[in-house]
Amino acid sequence: MRESEILRIIEAQIPAAGDDAASISHGGMELILTTDMLHQKSDFPAGATPYTIGWRAVAVSLSDLAAMGARPLGILLALGDPKLAEETISGILQGARDCCHAVGTQLVGGDLDCHQELTLVSTGIGETRRPVLRRGARPGEIVCVTGELGRTQAGLQLFARGDYSKANELFRFTPRITWGQLLADYATSMIDISDGLARSLYQLAERGAIGFSIEEVTLPIISPLKEILAPADYRSLVLFGGEDYELLFTIPEESISSLDRQLRISRIGRASRGGVLLDNRELPNRGYEH
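In this report, we go over the structure that sits alongside the text. For clarity, every value in this text was computed on a predicted model and none was experimentally measured.

Cut-offs applied
The numbering scheme is per chain: residues are counted from 1 as the chain's sequence reads. Local features in this predicted model are restricted to residues whose pLDDT is 70 or higher, and side-chain atom pairs enter the listing and the counts only when it is 80 or higher, whereas totals over whole chains, interfaces and linings include all residues. Here the side-chain values reflect all heavy atoms present in the structure, with hydrogen atoms and water set aside. Numbering of helices and strands runs from the N terminus; a helix is a DSSP stretch of H or I covering at least four residues, while a strand is a stretch of E covering at least two. It is over C-alpha atoms that the radius of gyration is taken, and the globule rule equals 2.2 Å times the number of residues to the power 0.38. Exposure is judged per residue with a 1.4 Å probe applied to protein chains only, and the accessible area is read against the type maximum: over 50% gives exposed, under 20% gives buried, and values in between give partly exposed. Residue contacts are counted whenever heavy atoms from the two residues lie within 4.5 Å of one another. Every accessible area reported is derived by Shrake-Rupley at a probe size of 1.4 Å, with residue values counting cover from the shown protein chains alone. Here the positive residues are Lys and Arg and the negative ones are Asp and Glu; neither His nor the chain ends is included. Here the site of a charge means NZ on Lys, CZ on Arg, CG on Asp, or CD on Glu. Only strands joined by at least two bridges in the DSSP assignment are considered to pair. An axis is simply a line fitted to the C-alpha atoms; with a helix, the fit covers only the stretch in contact. Between two such axes, the angle follows the N-to-C directions and lies from 0 to 180 degrees. Note on aromatic pairs: the rings of Phe, Tyr and Trp (six-membered ring only in Trp) are paired at centre separations within 6.5 Å, and the planes decide the class, stacked below 30 degrees, edge-to-face beyond 60, tilted for the rest. Here is the rule for angles: anything less than 35 degrees is roughly parallel, anything more than 145 is roughly antiparallel, 65 through 115 is roughly perpendicular, and the remaining ranges are oblique. The hand of a helix crossing depends on one turn: near helix anticlockwise from the far one by less than a right angle means left-handed, and clockwise means right-handed. Side-chain classes follow a simple rule in which Ala, Val, Leu, Ile, Met, Phe, Trp, Tyr, Cys and Pro form the nonpolar group, Asp, Glu, Lys and Arg form the charged group, and the remainder, Gly included, forms the polar group. The term salt bridge refers to a pairing of a side-chain nitrogen on Lys or Arg with a carboxyl oxygen on Asp or Glu at a separation within 4 Å.

This part is about the overall build of the chain. Secondary structure assignment for the chain yields 10 helices and 12 strands. Relative to a compact globule of 290 residues, whose C-alpha radius of gyration would be 19 Å, the chain shows 18 Å and is just as compact. Taken over the C-alpha atoms alone, the chain extends approximately 55 × 50 × 40 Å along its principal axes. Within the span of the chain, comprising 290 residues, buried residues form 51% of the whole. For the chain, the share of sequence-separated contacts (at least 6 apart) that also reach a separation of at least 24 residues comes to 85%. Carbon and sulfur atoms provide 49% of the accessible area of the chain, an area that totals close to 13700 Å². Across the chain, 28 positive and 38 negative side-chain charges occur, with their mean positions spaced 4 Å apart.

What follows deals with the sheet that holds strand E3 (residues 71-81). Taken in spatial order, the five strands line up as E1-E2-E5-E3-E4 in an open sheet, and their pairing is mixed. Two strands lie at the open edges of the sheet, namely strand E1 (22-26) and strand E4 (107-114), each paired on one side alone. Taken pair by pair, the neighbouring strands of this sheet meet at an average axis angle of 20 degrees, ignoring direction. When E1 meets strand E2 (residues 29-39), the two strands line up antiparallel, connected through five bridges. When the sheet's bridge partners are listed, Ser25 is paired in E2 with Glu30.

The next point concerns the pairing of strand E10 (residues 265-272). Here strand E6 (residues 142-146) runs beside E10; their pairing, made up of five bridges, is antiparallel. Paired with Cys144 across the strands is Arg267, a residue of E10. Sheet analysis places strand E8 (residues 211-214) next to E10, joined by four bridges and oriented antiparallel. Bridge assignment links Ile214 to a residue of E10, and that residue is Gly269.

Moving on to the packing of aromatic side chains. Under the definition given, this model contains four aromatic pairs. For the ring pair Tyr51 and Trp55, a centre distance of 6.3 Å and an interplane angle of 40 degrees mean the geometry is tilted. Linking Tyr51 with Trp55, this pair stays in helix H3 (residues 50-67), spanning four residues, or about one helical turn. Take Tyr51: its relative accessible area is 26%, and that puts it in the partly exposed class.

Our next topic: the packing of helix H5 (residues 151-161) against helix H6 (residues 164-171). Remark: H5 packs on H6, axes separated minimally by 8 Å, with the N-to-C direction vectors making an angle of 160 degrees. Between H5 and H6, the angle is such that the two are roughly antiparallel. For the pair H5 and H6, the sense of crossing is left-handed. Residue-level contacts link Arg151, Thr152, Ala154, Gly155, Leu156, Leu158 and Phe159 of H5 to Tyr164, Lys166, Ala167, Asn168, Glu169, Leu170 and Phe171 of H6. For the contact of H5 with H6, the class distribution of residues is eight nonpolar, three polar and three charged.

Relative orientation of the contacting elements H3 and helix H4 (residues 86-102) amounts to 40 degrees, with a least axis distance of 6 Å. Put simply, H3 runs oblique to H4. Considering the relative orientation of H3 and H4, their crossing is right-handed. Residues Pro50, Tyr51, Ile53, Gly54, Trp55, Val58, Ala59 and Leu62 of H3 form the contact with H4, whose participating residues are Glu87, Thr88, Gly91, Ile92, Gln94, Gly95, Ala96, Asp98, Cys99, Cys100 and Ala102. Looking at side-chain class alone, the contact of H3 with H4 contains 12 nonpolar, five polar and two charged residues.

Here we come to the environment of Leu33. Among the structural elements, Leu33 can be located in strand E2. Distance from Leu33 to Ala22, taken between C-alpha atoms, is 5.1 Å for residues 11 residues apart in sequence. In this structure Leu33 touches Ala21, Ala22, Ile24 and Gly124, once residues within four positions along its chain are discounted.

Okay, the pattern of salt bridges next. By the definition in use, this model includes 10 salt bridges. Between Glu216 and Arg235 there is a salt bridge, and its shortest N-O distance comes to 3.0 Å. Of this pair, Glu216 sits in the loop between E8 and helix H9 (223-228) while Arg235 sits in helix H10 (residues 231-240); the two residues are 19 residues apart in sequence, bridging distant segments of the chain. The salt bridge involving Arg270 is made with Glu253; its shortest N-O contact spans 2.9 Å. In this pair, Arg270 sits in strand E10 while Glu253 sits in the loop between strand E9 (247-251) and E10, placing the two residues 17 residues apart along the sequence. By relative accessible area, which is 37% here, Glu253 ends up partly exposed. Members of the salt-bridge network, linked through shared partners, are Glu253, Arg267 and Arg270.

The structure is reproduced here in structure tokens:
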């Protein structure tokens, strides 16, 4: 089965599912919980260092918290590996701890086991007074993204070319925790771009029963990807490649002037009443699937 088909089964049996993370009311706040599983073969290319692997393993869960507008309280990390070598374990732990420190939280525990393939499971816990959900956008609102798109895809290209130093640097993205919290009072819907821009737009559209009209010229594409590939190639990767971990959100036009100036955002289109369009043509509902 495709991942999207499995998710529909889950949502049918677990009505609260469907956002970047789960939300549980507790003590006047909303606890935000998320978990992610990463594997050597599918998530870490040859040349990725243990430090990068540890950093990225917790960064993906922190990105889910960011998409809900949450403040992170801590991260748990479970690790399985065939050899459990000291150098590997130490590097992974250091990368995970440094990523947590970069966004003002900490690695607080986890689990360890022997496994046939290097596998990491991270669990993030955060809190917020009002989580930003995937539903909530209204026609006419502005569609924006944070930062630049194509970072992971540029990293994968460099790993394939043997430029491991730059590739590892690109793979160690900073979760948009601060930006997510700054957007929480203004964004009407939000998602982190883990499955690709096109798929993320469709996910917001489906949850909000709306559409989007996007302009390709407005997409902020990271320079290394433009330097490596021809426009037709990097365009496809940005739209469908996945794992950007930037925030895609909608916001009333009148609220944009109230946003904190430290936010780096790009307007890429508007919410509409139906259909997901790129330059007035239907954008295929494709993206990264595990």
